[in-house]
Amino acid sequence: MSGSGARYILQPAAQVGGELAVPGDKSISHRALMLGGIASGRTEIHGFLPSEDCRATLAALRAMGLAVEEHSATVLTVHGAGPGGLAAPAQALDMGNSGTALRLFMGLLAAQPFDVTLTGDASLRQRPMERVAQPLRAMGAAIDTEDGRPPVRIHGGRPLTAIDYALPMPSAQVKSAILLAGLYASGVTRVTEPAPTRDHTERMLDGFGVRVERAGASASVAGGQRLTGTRIDVPADISSAAFFLVAGCLAAREGLVLRNVGVNPTRTGVIDILRLMGADIRVENARESGGEPSADLVVRASALRGIRIPEALVPLAIDEFPALFIAAAAAEGRTELRGAAELRVKETDRLAVMAEGLGRLGVRHELLPDGIRIDGGPLSGGTVDSHGDHRIAMAFAVASLRARGPLEILDVANVATSFPDFVPLARAAGLAIS
Ligand code: S3P
């Protein structure tokens, strides 16, 4: 919804603190709906993220005939349709702003007996889809994109054959789409990734009773396996918690507690990077449910210093860089990020849009083709345009903790795609946001 009139106004605030329960994990919520949809029997989802992105997945499944009961915003029962139980939708499926929904559905729908078109908003219609379409075509799927972008047209009824695919870029969405198609392919489908990415699909398939073989950088699935409905407890989203982790580093003199946050090791790069910068973050009450680890995170204000971010951590913190750039702006010295060209094909070109906003606040930086250098220092007040990118809007809200004057953040409606209650939670933590 780029260009929407919604905006945030923030006054500089001195301190944050308290205890927060951030909402459920977006990646896990999408997958719980999709896998529950093709499972046999009922799947109960607790802690579902009721955001626009996940609701786009829900609406698409309903448009294909799936019965889903909503007991509350966060507790759902999916009445699984079984592997071949989805039906042709009456019209194109609109994924809104959600790349995860569109790409995972490409894999899931490549093997169905009907044709389907997947599309999205202006941002999603600019994002690359050939990275998914190409391996699916190699499996036998018939898929058209428009110059590599949505709308994506899938011609159903093609038998799929397993492939052994080396991903050219680290991408959990591409990996997941191939594994989902692999459930319907003859033979054993194997994907090998150049660096570890989030493994929620592999873990959740296991919870639905599917054997996923994991060896080194590869995951394999034999086609024809059936999923059995299960219960899924969704932990809080570390990507949403990240804004409060950074806020806590800047201003939680008495500490800030984030409850039951997902700490799957393929997602915790943000904690590792902040600790390298000198953050005081403790991981407490570690537990596991449904194959996903979670814990309470306790963060306390500390002096941050600039670092060179290890490239191996980039895929493990891929959605957290907007927040991390604010930490870098508030740190002493220079932070350098390289090997992060993927940030240019997210909801926006996050390197360029963050650089523009940092510039507006007087932060010295140098934009690089695959990263950025940021020199920590004082932040002025001013107006920043998020260009409709939810994570950039929230990151600059956190910057108000160090700004010397009021901040205005434009085009923030898409915060609802991942974090519908961001404003009340930010206010509860101590940000002066309206
Ligand atoms: C996601 C994977 C990542 C991430 C996105 C969610 C997922 O995308 O940025 O927000 O749920 O699989 P890529 O696979 O494109 O890196």
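None of these values were measured; they are calculated from a predicted model. Residues take numbers from 1 onward in each chain, read along the sequence in its written order. Thresholds applied to this predicted model are a pLDDT of at least 70 for local features of residues and 80 or more for the giving and counting of side-chain atom pairs; totals over whole chains, interfaces and linings are not thresholded and use all residues. Derived side-chain values reflect all non-hydrogen atoms in the structure, with water molecules and hydrogen atoms excluded from consideration.

A. Highlighting the pattern of salt bridges. Here a salt bridge means any side-chain nitrogen of Lys or Arg lying within 4 Å of a carboxyl oxygen belonging to Asp or Glu. Applying the stated rule across the entire model yields 33 salt bridges. Among the salt bridges present, the one from Lys26 reaches Asp53, with a minimum N-O distance of 3.4 Å. Pair noted here: Lys26 is in helix α1 (residues 26-38) and Asp53 is in helix α2 (residues 52-63), with a separation of 27 residues, a long-range link. The salt bridge involving Asp237 is made with Arg267; its shortest N-O contact spans 2.9 Å. You can see Asp237 sitting in the loop between β14 (231-233) and α7 (238-251) and its partner Arg267 sitting in the loop between β15 (256-262) and α8 (269-276), a full 30 residues away along the chain. You'll find Asp237 and Arg267 in the same group, each marked buried. Each member of the salt-bridge network shares a partner with another, and the members are Arg127, Arg198, Asp319, Glu347, Arg350 and Asp389. The helix and strand labels rest on DSSP assignments: H or I over at least four residues marks a helix, E over at least two residues marks a strand, and numbering proceeds from the N terminus. Only protein chains enter the accessibility calculation, which uses a 1.4 Å probe; a residue whose area is less than 20% of its type maximum is buried, one above 50% is exposed, and one in between is partly exposed.

B. Spatial organisation of the pairing of strand β7 (residues 116-119). Two elements, strand β6 (residues 93-94) and β7, share two bridges in a ladder whose sense is parallel. What sits directly across from Leu93, in β7, is Leu118. If you view a crossover with the strands going away from you and the path from the first strand over the helix to the second runs clockwise, you call it right-handed. Following the chain from β6 across helix α3 (residues 99-109) to the adjacent parallel β7, one finds a crossover that is right-handed. Relative to strand β9 (residues 149-155), β7 runs antiparallel, the two being bridged by three bridges. Residue pairing across strands places Leu118 opposite Val152, the latter belonging to β9. Pairing between strands is defined by DSSP: at least two bridges between them are needed.

C. Representation of the side chain of Asn264 in the model. Of note, Asn264 is situated in the loop between β15 and α8. Two N or O atoms form a polar contact when they lie within 3.5 Å of each other; inside protein one atom must be a possible hydrogen donor and the other a possible acceptor, and for residues adjacent in sequence the pair counts only when both atoms belong to side chains. Among the polar contacts made by the side chain of Asn264, one reaches the side chain of Thr266 at a distance of 2.6 Å. Not counting chain neighbours up to four residues away, the residues in contact with Asn264 comprise Asp199, His200, Arg203, Glu292 and Pro293. Residues are treated as being in contact if the distance between any of their heavy atoms lies within 4.5 Å.

D. Structural context of the sheet that holds strand β3 (residues 40-46). Taking strand neighbours across the sheet as the criterion, the four strands line up as β4-β5-β3-β14 in an open arrangement whose pairing is mixed. On the outer flanks of this sheet lie β4 (67-70) and β14, each paired with one strand and no other. Taken over all neighbouring pairs, the strand axes of this sheet differ in orientation by 15 degrees on average, direction set aside. Both β3 and strand β5 (residues 75-81) contribute to a ladder of seven bridges, which runs antiparallel. Counterpart to Arg42 in the pairing with β5 is His79. Only C-alpha atoms enter the line fits that serve as axes; for helices the fit covers just the stretch in contact. Angles between N-to-C directions range over 0 to 180 degrees.

E. Spatial organisation of the packing of aromatic side chains. Paired rings are identified among Phe, Tyr and Trp, the last through its six-membered ring, by centres lying within 6.5 Å, and are further divided according to the angle between planes into stacked (under 30 degrees), edge-to-face (over 60) and tilted (the rest). Summed over all chains, the structure comprises six aromatic pairs. Between Tyr8 and Phe422 the ring centres are 6.1 Å apart and the planes differ by 35 degrees, which places this aromatic pair in the tilted class. On the criterion of sequence distance, the pair formed by Tyr8 in strand β1 (residues 7-11) and Phe422 in helix α12 (residues 422-429) is long-range, its members being 414 residues apart. What makes Tyr8 buried here is its relative accessible area of 6%. The exposure class of Phe422 is buried, given its relative accessible area of 1%. Consider the rings of Phe244 and Phe419, whose centres lie 6.2 Å apart with planes at 70 degrees: the pair is edge-to-face.

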